[in-house]
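Residue-level structural notes
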Amino acid sequence: MNEIFVCVGSACHLKGSYDVIDCFKNWIKDNELQDDFVVKASFCLGHCTDAVSVKLGEEIYSVSPDSVEEFINQNIAWSRQL
Ligand code: FES
């Protein structure tokens, strides 16, 4: 199971954490990846100026509600050949 952590700290919350979470959840559902991925809310990841912060493995990325799809294509879907 791969965990996608989305920061819901105040800076990230203001930049749309919950929209980012919804996008990830929809992607998981649409692609029937419930056995492979789970989205979890996280406390501040220490990269507030890059909000919304998303942690995947050991890496922390800056993602916005508008760039989630691009993020998935570049960092997740491509590596899994979806
Ligand atoms: S509030 Fe999200 S990284 Fe700090």
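Residues numbered from 1 in each chain as written. Predicted model: local features only at pLDDT ≥ 70, side-chain atom pairs only at ≥ 80, totals over all residues. Heavy atoms only, no water.

Per an unreviewed UniProt entry, the protein is named Thioredoxin-like [2Fe-2S] ferredoxin, and its organism is Dethiosulfatibacter aminovorans DSM 17477.

1. Observations concerning the sheet that holds strand β3 (residues 53–56)
The four strands are arranged β2-β1-β3-β4 in an open sheet whose pairing can be described as mixed. With one partner strand each, in any of the chains shown, β2 (37–42) and β4 (59–62) form the two edges of the open sheet. In this sheet, neighbouring strand axes are inclined to one another by 25° on average, regardless of whether the strands run parallel or antiparallel. Across six bridges, strand β1 (residues 2–7) lies against β2 in parallel orientation. From the neighbouring strand, I4 faces β2, where its bridge partner is V39. Set on the sheet, helix α2 (residues 17–30) makes contact with β1, β2 and β3; between it and β2 the angle comes to about 170°. (Pairing = 2+ DSSP bridges. Helix = DSSP H or I, 4+ residues; strand = E, 2+ residues; numbered from the N terminus. Axes fitted to C-alpha atoms, helices over the stretch in contact; angles between N-to-C directions. Contact = heavy atoms within 4.5 Å.)

2. A look at the side chain of S42
Tracing the chain through its elements places S42 in strand β2. In this structure, S42 is in contact with F5, V6, C7, V8 and G9, ignoring residues within four places of it in sequence.

3. A few points about the packing of aromatic side chains
All chains considered together, the criterion is met by three aromatic pairs. Three or more aromatic residues link up through ring pairs in this structure, and these residues are F24, Y61 and F71. (Phe/Tyr/Trp six-rings, centres within 6.5 Å; stacked < 30°, edge-to-face > 60°.)

4. So, the nonpolar core
Ranked by internal contacts, the top residues of the largest apolar core, which has 23 residues, are I4, V6, V20, F24, V54 and I76. Contributions of two or more residues to this core are made by β1, α2, β2, β3 and α3 (68–80). Those residues in contact with V54 that sit more than four places away from it in its chain are I4, F5, V6, V20, F24, L45, E59, I60, Y61, V63 and F71. (Core = buried A, V, L, I, M, F, W, Y, C linked by side-chain atoms within 4.5 Å. Buried < 20%, exposed > 50% of the residue type's maximum accessible area, 1.4 Å probe, protein only.)

5. As for unusual backbone geometry
Of note, the bond from A51 into V52 is cis; its omega dihedral lies within 30 degrees of zero at 10°. Considering the arrangement of structural elements, one finds V52 in the loop between β2 and β3. In this structure, E32 takes a positive phi of about 50° despite not being glycine. With respect to the helices and strands, E32 occurs in the loop between α2 and β2. E32 gets classed as exposed once you look at its relative accessible area, which sits at 66%.

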